[in-house]
Amino acid sequence: MAFPKQIKKTLKLVPDKILSERRQQLAEYINKDGTYLPKSVLHADLDRGMLDFVKNDLKIVTEGKVIPMVDIIITTQNWAQYTETWKFNDVDYNPTPPFITVVRQPEVKYGTNPSLQYTIPNRKQFYYAIVPNWNGNQKGADVYTIPQPVPVDINYSVKIVCNRMRELNQFNKIILQKFSSRQAYTFVKGQYVPIVSTNISDESVMDIDKRKYYIQNYDFTMLGYLIDEEEFEVKPAISRVLQVIELDTSSRKVRPERKVENSKTFEYRLNFTNGDNFINKIIDYTVNMFLSKKTNVLTYDVYINGDFYGSNIESIQINTNDELYIEIVKQDQSLDSVLEFTNTLI
């Protein structure tokens, strides 16, 4: 007899959080990393990601037991060193199969990740986020910038050592299923990193005079990238001060209407004094801005309302009350710089 639809087959032992407790839980999820910037991803982090991928995604269970894995990157230099400390040794301190190891090639080459293959020279900083801040008296914002990550290709060899063909078949099935689309992904500090299967080879010992055991070698290439938090930059963007002013409203003066001398076209000048490389303006009109002249300016980047608009562009379309942010690179840091635009009202 089937269960009626009104009966719940499972019951939650811990009730879901609601109202203020739920909001506090969401805030903890957001602040878990403790920073607005991504975390560093270096060689050791990529190695840890490969070990976790083999341990969790390529796990083999045979006869109710999980085949052990050496939870450390093995090289030809330290192979003999770790055979004495493994937990799956016999009385003679020799490793007893089956077990799985991960070997990394020492050389790390420049990467072939297609998303990072075409780079911009000189490690230029790129806009990442604008974060508001408040110190109790002054409200402002910080601009977070990071350089483009450096792509790297790291070659790994996953080896399985066993005495029976059963373990080989099971491990081969798991790898072929996992890499049926040629690549899989591992999770490294909040980043998904692709892993590509490149080759399968056999290194089994077939000598009649020696103990027979199977060794299959699976070659993988991790298309990773390096992110170094030492290269991140945080710069002040906007600062606002709250001021309270008492006014006498008994006699009001007629405020003159603000007009532009030319109803269609007028000149707009942005001055960058010595030591200033950026400027922030609120535009009062809907205009088309055309660059007419630049002085002591090598390159410049344009942001509208916090969004990147373009670099070294000669025309800008902007609306009323939009926030215009321009950051320049000066030819001579000791001199003032000027950007002149010809504005046409729309």
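Presented here is a report on the structure given in the accompanying data block. As the structure is a prediction and not an experimental result, all values here were calculated from the model.

**Examining the pattern of salt bridges**
Here is step 1: Tallied over the entire structure, the rule returns 11 salt bridges.
Here is step 2: Among the ionic pairs, D52 bridges to R48, the shortest N-O distance being 3.0 Å. In this pair, D52 and R48 both sit in helix α2 (residues 43–57), four residues apart, roughly one turn of the helix.
Here is step 3: For R48, a relative accessible area of 32% translates into the label partly exposed.
Here is step 4: The shortest N-O distance in the salt bridge between E340 and R269 comes to 2.7 Å. Separated by 71 residues along the polypeptide, E340 in strand β20 (residues 337–345) and R269 in strand β13 (residues 265–272) bring together distant segments of the chain.

**Details of the packing of aromatic side chains**
Here is step 1: Across all of its chains, the model carries nine aromatic pairs by this definition.
Here is step 2: Centre to centre, the rings of F171 and Y218 are 5.3 Å apart; their planes meet at 75°, and the pair counts as edge-to-face. Of this pair, F171 sits in helix α4 (residues 165–178) while Y218 sits in strand β11 (residues 214–226); the two residues are 47 residues apart in sequence, bridging distant segments of the chain. The residues F171 and Y218 share a single accessibility class, namely buried.
Here is step 3: Between F266 and Y285, the ring centres sit 5.9 Å apart and the planes meet at 65°, which makes this aromatic pair edge-to-face. A residue pair is termed long-range when its members are at least 10 positions apart, and F266 in strand β13 and Y285 in the loop between β14 (278–282) and β15 (287–295) qualify at 19 residues.

The rules behind the values
- Residues numbered from 1 in each chain as written.
- Predicted model: local features only at pLDDT ≥ 70, side-chain atom pairs only at ≥ 80, totals over all residues.
- Heavy atoms only, no water.
- Salt bridge = Lys/Arg side-chain N within 4 Å of Asp/Glu carboxyl O.
- Helix = DSSP H or I, 4+ residues; strand = E, 2+ residues; numbered from the N terminus.
- Buried < 20%, exposed > 50% of the residue type's maximum accessible area, 1.4 Å probe, protein only.
- Phe/Tyr/Trp six-rings, centres within 6.5 Å; stacked < 30°, edge-to-face > 60°.

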